[in-house]
Amino acid sequence: MKEVASLSREEAKAELARLAEVLHAAAKAYFQKDAPVRTDADYDSLKRRNVEIEELFPDLKRDDSPTDKVGAAPSEGFRKVRHSIPMLSLENAFDESDVMEFDRSVRNFLGMSGADPLAYTAEPKIDGLSLSLRYEAGKLVYAATRGDGTTGEDVTPNALTIKGIPECIKSAPELLEVRGEVYMSHEDFAALNARQAEQENKTFANPRNAAAGSLRQLDARITAKRPLMFFAYAWGSVSAALADTQEGAINRLKDIGFATNPLMALCSGTAELVAHYRRIEEKRATLDYDIDGVVYKVNDLGLQARLGSRSTAPRWAISHKFPAELAWTQLEAIDIQVGRTGALSPVARLQPVTVGGVVVSNATLHNEDYIAGRDASGNEIRDGKDIRAGDWVQIYRAGDVIPKVADVDLSKRPRDAKPYEFPEECPVCGSPAIREEGDAVRRCTGGQICRAQAVEKLKHFVSRGAFDIEGLGAKQVEDFHGRGWIAELADIFLLEERDRARERRLKDQEGWGDKSAEKLFLAIHERRRIDFHRFLFGLGIRHLGEAAAKDLARHFSDWPSLATAAIDAAKEAAMDDASQAALDGSPAWKEFLSIDGVGRTLVRSLVLTMDREAERDSIERLVKHLEIVPPDAQAFDSPVAGKAIVFTGTLNRMTRSEAKARAEALGARVSGSVSAKTDLVVAGPGAGSKVKKAAELGVETMDEDDWLALIGDA
Ligand code: IVH
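Reading the values: rules and limits
Residues numbered from 1 in each chain as written. Predicted model: local features only at pLDDT ≥ 70, side-chain atom pairs only at ≥ 80, totals over all residues. Heavy atoms only, no water. Helix = DSSP H or I, 4+ residues; strand = E, 2+ residues; numbered from the N terminus. Buried < 20%, exposed > 50% of the residue type's maximum accessible area, 1.4 Å probe, protein only. Contact = heavy atoms within 4.5 Å. Areas by Shrake-Rupley, 256 points an atom, 1.4 Å probe, with all protein chains shown as cover. Lys, Arg positive; Asp, Glu negative; His and termini not counted. Charge placed at Lys NZ, Arg CZ, Asp CG, Glu CD. Near = heavy atom within 4 Å. Polar contact = N/O pair within 3.5 Å; in protein donor to acceptor, adjacent residues only side chain to side chain. Pairing = 2+ DSSP bridges. Salt bridge = Lys/Arg side-chain N within 4 Å of Asp/Glu carboxyl O. Axes fitted to C-alpha atoms, helices over the stretch in contact; angles between N-to-C directions. Expected span 1.5 Å × (residues − 1). Arc of directions from axis to C-beta. Disulfide = S-S within 2.5 Å. Parallel < 35°, antiparallel > 145°, perpendicular 65-115°, else oblique. Nonpolar A, V, L, I, M, F, W, Y, C, P; charged D, E, K, R; others polar.

**Student:** How would you sum up the overall build of the chain? Please name residues and give values.
**Tutor:** A tally of regular secondary structure across the chain gives 25 helices and 24 strands. Seen along its three principal axes, the alpha-carbon backbone of the chain occupies a region of about 85 × 75 × 65 Å. Every one of the 714 residues in the chain was classed for burial, and the buried ones make up 47%. When contacts within the chain are restricted to residue pairs at least 6 apart in sequence, long-range pairs at least 24 apart make up 67% of them. If you sum the accessible surface of the chain, you get close to 34800 Å²; carbon and sulfur atoms cover 49% of it. Taking the average place of the 97 positive charges on the side chains of the chain and the average place of its 114 negative ones, the gap between the two points comes to 2 Å.

Written as structure tokens, this is what we have:
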């Protein structure tokens, strides 16, 4: 195809006619017959070509231009793309001791001493949004946002408007996924906001929001008018290794044609890392883009591979954040929010103030002790100064964390300011709000009768990391709950059936129509099939975050096994008065605690939930509507996938942590004790009782070399 820029007027006219025909046919096949004749990327790129020609020759634009055609544009939202390798996030270090700890844990995992040489790269952490670019045979097949890390959105036409993202590349592996950050420069951000204000459009709070808003435009022509940039700093699937080291790989990406950050340095230890951090911190104010820390990565890619990842972040990298930003403003009021688990959280309503480029009007006050000037153990904080409505307070904001009220200026306290009285009743349902011993938080005892708890639980359930139901957001959940249509989680899946029996149906309500109602029911229906970890996370159990949900899902692989284990654990230890020693002695507890990333607090909360009949029944009512998909059942092509393995004795070729991580990466479950459920015991020198027990139970036992041969690492 001829380049758009070099088309003559006659050629452009003919090309627009051809594109109209091709695109209309493709759209028809796709939207009306549901039988696409072209790939989305192909379709999008032709559409883009059409737009470009129209921009060059506006008067040649056809009346039936595919650009204007409703239904032909992906107005239903973006196509979803499943990342071949998850797009992970990074753990944070906030000070030098966290950096030392990171280095120590890397060395421990690899069995290296503090004296062994170990190099890292250090580079700015760009404050934008990450993007994955997949090239096959040198051509961009799609650009996808991070999304939830597993599935992102296809924003190819938009990405192609970014200068640093080539459509075609040379001298690259056959398959190459380049990952990096999309951002907007300060200068372009200021110009965009000025333009927006002039046209009475909404302005953006910061360059990051502007970049995100611009990249996620359904109409790529809008993206094209917003100058975005891209730095490559990582990769996903590749058909051939880019290099042996992180530094080499980034240089290779640079050679291929991607912009890479010029401030990357190779450092030989933590002292050099911190020195480079300081250099970047000094330069920060002079850079034309936002950064919020420095990322350290183990340089040797062989070591990176051995270190692997936890459920949400790699073990071989960490982001060292810049210190928080501070600002003073006036506290207008203290409000109480009731969360999903009943926690009463005090929120500071502030006179809006800019903190590090972001306008802040709410901040957390943590809990009642914090407001009173005490920490969890009753010691004074802020020299014992309490916080009152009307006070001048200092706001503290570190990166993307929720801002908090850090200090108060007593010299400016209004004379009539009264000490804050923390409510002892739930402000939403009026039930007593109780503080249990050792808990810093006061909780509403209303359970599901408390509208706030019920609604928050439902909101959590439909949120992104959980069931992520399109068209059912916080607003709709509140509305449906208010109408009495959904009271508990299972009701969401009964919405359609009940709607049909109703006289005034959803489609008849304000803001809804035939199409939108049908679409919502379809979106709900699609989520009847749900990944196990999303289901677990969606339950909204206290302390059960996304990472732990993944760890639990991998270990138990289906809901009945997990539920049984939790119920067993509850039986083994009478929950109410169980001492920690009694709990730790119980086999079911031990099984939970053997899971990497799962701690006592979470297990206690999980077991407590399953011990309550009402909660258990409510979950079971939900489960009836679902098909829960075990984690990546087909993804592990390994002889140990799904097997329960115990390592015992000394391992010579790798540390215990590495062996465990490797086995888990191959889909195995690693446990600390041998039982009838154990499939294999890997025993090194010095192994004792566990090998004996395995023999008694007839469990297969092998040594480290045989194990390595079995998993193909020999
Ligand atoms: S490396 C597997 N390097 O930070 C690790 N990430 O908090 C891949 N980010 O999602 C990330 N600058 O969007 C890496 N130089 C940099 C980065 C960077 C910004 C973002 C990225 C990631 C997030 C994690």
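**Student:** So what about the site of the ligand? Which residues, and what values?
**Tutor:** Taken together, the neighbourhood of the ligand is formed by 14 residues, with Glu123, Ile126, Glu181, Tyr233 and Lys297 sitting nearest. Between the ligand and the protein, one listed contact pairs a nitrogen atom with a backbone N or O atom of Pro124 at 3.1 Å. At 3.0 Å, a backbone N or O of Ile126 approaches a nitrogen atom of the ligand. Contact with the protein chains removes 87% of the 530 Å² of surface that the ligand exposes when unbound. Those elements that provide at least two residues to the shell around the ligand are strand E3 (120-126) and strand E10 (291-298). Ranked by the residues each element gives to the shell around the ligand, the list is headed by E3, at 4 residues.

**Student:** So what about the pairing of strand E12 (residues 325-338)? Which residues, and what values?
**Tutor:** Note on strand geometry: in a regular strand, side chains alternate between the two faces of the sheet. With 6 bridges joining them, E12 and strand E15 (residues 392-397) adopt antiparallel strand pairing. Directly across from Ala327, in E15, lies its bridge partner Ile395. Relative to strand E13 (residues 344-355), E12 runs antiparallel, the two sharing 7 bridges. Following the sheet pairing, Asp335 is matched in E13 by Val347.

**Student:** Residues and numbers for the pattern of salt bridges, please.
**Tutor:** Taken as a whole and assessed by the stated rule, the structure comprises 51 salt bridges. The partner of Arg134 in a salt bridge is Glu177, with the nearest N and O atoms 2.6 Å apart. With Arg134 in strand E4 (residues 129-136) and Glu177 in strand E7 (residues 175-183), this residue pair connects regions lying 43 residues apart in the sequence. Given a relative accessible area of 17%, Arg134 falls into the buried group.

**Student:** Describe the sheet that holds strand E23 (residues 680-683), naming the residues involved and giving the relevant values.
**Tutor:** With respect to topology, 4 strands assemble into an open sheet ordered E22-E21-E23-E24, the strand pairing being parallel. Strands at the two margins of the open sheet, each flanked by one partner only, are strand E22 (669-671) and strand E24 (700-702). Strand-to-strand twist across the sheet, computed as the mean angle between neighbouring axes with direction ignored, equals 30°. Sheet topology note: the strand E21 (residues 644-648)/E22 ladder contains 3 bridges and is parallel. Paired with Ile645 across the two strands is Val670, which belongs to E22. With respect to the sheet, helix H23 (residues 656-665) is in contact with E21 and E22, its orientation differing from that of E21 by roughly 165°. Together, E21, E23 and E24 form the strand contacts of helix H24 (residues 689-697), whose direction differs from that of E21 by roughly 145°.

**Student:** Lay out the side chain of Lys459 in plain terms, naming residues and giving numbers.
**Tutor:** For Lys459, the position within the fold is in helix H12 (residues 451-462). For Lys459, a relative accessible area of 19% gives the class buried. Side chain to side chain, Lys459 and Glu456 meet in a polar contact 3.2 Å long.

**Student:** Please provide a residue-by-residue account of helix H9 (residues 270-283), values included.
**Tutor:** Along its 14 residues, H9 runs 20 Å from first to last C-alpha, staying within 8% of the 20 Å computed at 1.5 Å per residue. For H9, the set of buried residues is Thr270, Leu273, Val274, His276, Tyr277 and Ile280. The arc that holds every buried residue of H9, seen down its axis, measures 160°, which confines them to one face. Across from the buried face of H9, at angles greater than 90 degrees, the exposed residues are Ala271 and Glu282. Against the buried residues of H9 lie helix H3 (96-110), E3, strand E9 (265-267), E10 and strand E11 (317-321).

**Student:** Outline the pairing of E7, supporting the account with residue identities and numerical values.
**Tutor:** Within E7, 9 of the 9 residues are buried, which leaves the element mostly enclosed by the surrounding structure. Here E4 pairs with E7 via 8 bridges, running antiparallel. Bridging across to E7, Glu136 finds its partner in Leu175. Two strands pair when backbone bridges link them, and E7 and strand E8 (residues 229-238) are joined in this way by 7 bridges, in the antiparallel orientation. Along E8, the bridge assignment pairs Val178 with Trp235.

**Student:** Describe the state of the cysteines, with residues and values.
**Tutor:** In the structure shown here, the tally under the stated rule is 0 disulfides. Of all cysteine sulfurs, the one in Cys429 lies closest to Cys444, which takes part in no disulfide; the gap is 3.6 Å. Take Cys444: its relative accessible area is 6%, and that puts it in the buried class.

**Student:** Give me the packing of helix H18 (residues 559-572) against helix H21 (residues 600-611): which residues, what numbers.
**Tutor:** Interhelical geometry of H18 versus H21 gives an angle of 90° and a closest axis separation of 8 Å. The angle between H18 and H21 falls in the class roughly perpendicular. Facing H18, whose interface residues are Trp559, Leu562, Ala563, Ala566, Ile567, Ala569 and Ala570, H21 presents Leu606, Val607, Met610 and Asp611. Class assignment of the residues belonging to the contact of H18 with H21 gives a composition of 10 nonpolar, no polar and 1 charged.

**Student:** Can you explain the environment of Asp63? Please cite residues and give values.
**Tutor:** Residue placement: Asp63 occurs in the loop between helix H2 (40-56) and strand E1 (80-82). Separated by 141 residues in sequence, Asp63 and Phe204 have C-alpha atoms that sit 35 Å apart.

**Student:** Hey, could you go over the side chain of Asp439 for me, with residue numbers and the actual values?
**Tutor:** Tracing the backbone shows Asp439 in the loop between strand E17 (433-435) and strand E18 (442-444). A polar contact is formed between the side chain of Asp439 and the backbone nitrogen of Val441, at a distance of 3.1 Å.

**Student:** Help me get a handle on the packing of H21 against helix H22 (residues 613-623), residues and values and all.
**Tutor:** At a minimum axis separation of 5 Å, H21 and H22 run at an interaxial angle of 85°. Taken together, the axes of H21 and H22 are roughly perpendicular relative to one another. Here Thr609, Met610 and Asp611 of H21 come into contact with H22, specifically with Glu613, Glu615, Arg616 and Ile619.

**Student:** Let's hear about helix H15 (residues 514-526): which residues, and what values?
**Tutor:** The terminal C-alpha atoms of H15 lie 18 Å apart, and with 13 residues this matches the ideal 18 Å at 1.5 Å per residue to within 8%. Along its buried surface, H15 packs onto helix H13 (474-483) and helix H14 (495-501).

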